[in-house]
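Inside the fold
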Amino acid sequence: EMKVFLKENCISGRRDIFNVVWNKLYKREFILNNNISFNEGINFGEDFLFNCKCMKKTNSIYVIDEAYYNYMRRSNVETLKMKFINNKIELRKLFYREWVQLYKFYEVYDDVKRQMELYEGYKIYVAIISVINKNCLLTFEEKLNYIKKFLISIFSMHRAQGIAT
């Protein structure tokens, strides 16, 4: 049942399960019948949004403990998570809004609200420190302005949603 799945994964700390599509199998008919697609205008976090759309359209999910896909993470390669992306402010707001809507849709948001807020705080931290990444070509002053804009945006969004900051 989706309510149980969402609540357990949020409380257990397995919130990253939404971030990728390669660890899931979706029936083609399900995708087509529900008119679900990737947002082609987004090249960071598109898997997360796709998974949220899918999870809103089903009542249950089947989880298996077998690994049928091996993923090798290289420690010396820059991850997209840490890469500086200029529109991360807007993307973080979009992702969090979609995530909260999914949990509210299944009426489990109030049960896991604090865990979601803490996790979002971590994601905001990672997005902010991405300005020190070598691929970020902003000047020092631009970096300070970016961080300030990011924080103001996040605080105002959370205040509007009644979230403690």
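Below, the structure is looked at part by part.

**Quick notes on the side chain of Lys24**
In this structure, Lys24 sits in the loop between α1 (2–11) and α2 (28–33). With no salt bridge to any partner, buried Lys24 finds its closest opposite charge in Asp47, at an N-O distance of 7.6 Å. In terms of polar contacts, Lys24 uses its side chain to reach the backbone carbonyl oxygen of Val20, at 2.6 Å.

**Quick word on a nonpolar patch on the surface**
Taken together, the side chains of Trp22, Tyr69 and Tyr71 present a nonpolar region at the surface, about 360 Å² in accessible area. Residue placement: Tyr69 occurs in the loop between α3 (46–56) and α4 (88–105). Taking the relative accessible area as the measure of exposure, Tyr69 reaches 46% and is therefore partly exposed.

**Notes on the pattern of salt bridges**
A full pass over the atoms with the stated rule returns five salt bridges. For Asp111, the salt bridge identified is with Lys7, shortest N-O distance 3.2 Å. Linking Asp111 in helix α5 (residues 109–129) with Lys7 in helix α1, this pair joins segments that are 104 residues apart in sequence. The exposure class assigned to Lys7 is partly exposed, which follows from its relative accessible area of 31%.

**With respect to the environment of Trp22**
Among the structural elements, Trp22 can be located in the loop between α1 and α2. Owing to a relative accessible area of 37%, Trp22 belongs among the partly exposed residues under this scheme. It is 9.9 Å that separates the C-alpha atoms of Trp22 and Asn70, two residues lying 48 residues apart in sequence. For Trp22, the contacting residues outside a window of four places in its chain are Tyr69 and Tyr71.

Criteria and thresholds
Residues numbered from 1 in each chain as written. Predicted model: local features only at pLDDT ≥ 70, side-chain atom pairs only at ≥ 80, totals over all residues. Heavy atoms only, no water. Helix = DSSP H or I, 4+ residues; strand = E, 2+ residues; numbered from the N terminus. Buried < 20%, exposed > 50% of the residue type's maximum accessible area, 1.4 Å probe, protein only. Lys, Arg positive; Asp, Glu negative; His and termini not counted. Salt bridge = Lys/Arg side-chain N within 4 Å of Asp/Glu carboxyl O. Polar contact = N/O pair within 3.5 Å; in protein donor to acceptor, adjacent residues only side chain to side chain. Patch = residues over 30% accessible without salt bridge, like charges linked within 9 Å, V, L, I, M, F, W, Y side chains within 5 Å. Areas by Shrake-Rupley, 256 points an atom, 1.4 Å probe, with all protein chains shown as cover. Contact = heavy atoms within 4.5 Å.

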